[in-house]
Amino acid sequence: MPCGLSRGRRLTWVIASLLASLTQTARNAAQRGLVSEAGTMGATAVRFVFGLPFALIFLAVIALLTGAPPVPAPEVWGWAVLGAAAQIGGTALMLRSMEVQGFGVATALIKTEPASLALLAAVFVAEPLGPLRLAAIALAVAGVLLASGTEWRRASRAAILIGVASGALFGLSALAFRAGIVALPSGSALIRASLMLCLTLGLQAAAFGFWFLHPGRAAFAAIRLRLRDSFSAGFLGAAASQLWFLAFALTPAANVRTLALIEVPLAAVVSRRMFAETMTARQLIGMGLIVAGIALLLRTV
């Protein structure tokens, strides 16, 4: 079986990606409870502002165990700025897409992220795609579009453009995070991932800090009344990001984001068992394509 990574590194990024997906789901649930009072942007800001202290704690603990982190060069800061801005932009377009067309269609279109990410990586950082890897990503993304259960093909042109652009920006952010981690001169994968996370969250927290000064003043007041929930969301967000960044340190970001699509069939299985929800033939085919795409991906890395 062809494999460009050692078995240990391969197992680590797979486990980290799966745990990140689960932790991210918990973070989304924690954030959702803040939307009614702090608004969508306020609840989004919690992820960065309240996640930063926990990311700094993670970095301090890892540094004590493995040694001091490397000093980031200007190139690393450049990737951090690009990743932070692209992630915020992707979130804004995602919210706009949901407003224009609805949650289901927007989610299906945004899940094209792995395909956009693979193409961006091939163009900007010369990561080889290869026919098998490209086929694996295409299969998984096609499966998501089928399994979403939405009539996304009826989406307006604006919704399609905004949704795909959102996915592309999320892909660009993952690419930038991966590039910044790789550009760090020394240290273990864990310490480099943790340092890159702190740089990125610091920039994003600063951006939302300025937002809180005027347009987001009401959201900040609402968040202050829900500090416990905000810190819970921040911790879960930082933990999920720590796992994502660790996976980025070990393998190309497109591999990580494609594997993350496994949450779609897993969520469907949970829904069927817990809520007796049925699935259409189209959805079942979509689930099969996702699993086949991920299986093929794991055979190529």
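The sections below set out a description of the structure shown in this document.

Focus: the nonpolar core
Then comes step 1: In terms of nonpolar packing, the biggest core is built from 71 residues, with Trp 13, Ile 181, Met 196, Trp 244, Phe 245, Phe 248 and Ile 290 touching the most fellow members.
Then comes step 2: Ranked by the residues each element gives to this core, the list is headed by helix H8 (residues 189-213), at twelve residues.

Things to note about the pattern of salt bridges
Then comes step 1: Here the structure, examined in full by the defined rule, presents three salt bridges.
Then comes step 2: Between Arg 257 and Glu 113 there is a salt bridge; the shortest N-O distance is 3.0 Å. Remark: Glu 113 occurs in helix H5 (residues 113-124) and Arg 257 occurs in helix H11 (residues 253-259); sequence separation between them is 144 residues. The two residues Arg 257 and Glu 113 agree in class, both being buried.
Then comes step 3: When the shortest N-O distance is used, the salt bridge between Asp 229 and Arg 226 registers 2.6 Å.
Then comes step 4: Note on Asp 229: relative accessible area 30%, which makes it partly exposed.

Here's the deal with H5
Then comes step 1: Counted at 1.5 Å a residue, the expected span for H5 with its twelve residues is 16 Å, and the 16 Å between its end C-alpha atoms agrees.
Then comes step 2: Downstream of H5 by one or two residues, Ala 126 has phi in the positive range, about 55°.

Here is what the cut-offs are and how they apply
- Position numbers for residues start from 1 in each chain and track the written sequence from start to end.
- pLDDT decides what is reported in this predicted model: residues at 70 or higher carry local features, side-chain atom pairs at 80 or more are listed and counted, and totals for whole chains, interfaces and linings draw on all residues regardless.
- As a convention, hydrogens and water are excluded, and side-chain values are obtained from all of the structure's heavy atoms.
- Residues belong to a common nonpolar core when they are buried Ala, Val, Leu, Ile, Met, Phe, Trp, Tyr or Cys residues joined through side-chain atoms within 4.5 Å.
- Burial here depends on accessible area, computed with a 1.4 Å probe over protein chains only, as a share of the maximum for the residue type. Under 20% is buried, over 50% is exposed, and the range in between is partly exposed.
- What counts as a helix is a DSSP run of H or I of at least four residues, what counts as a strand is a run of E of at least two, and both are numbered from the N terminus.
- Each reported salt bridge corresponds to a side-chain nitrogen of Lys or Arg within 4 Å of a carboxyl oxygen of Asp or Glu.
- In this analysis, the expected span of each helix is defined as 1.5 Å times one less than the number of residues it contains.

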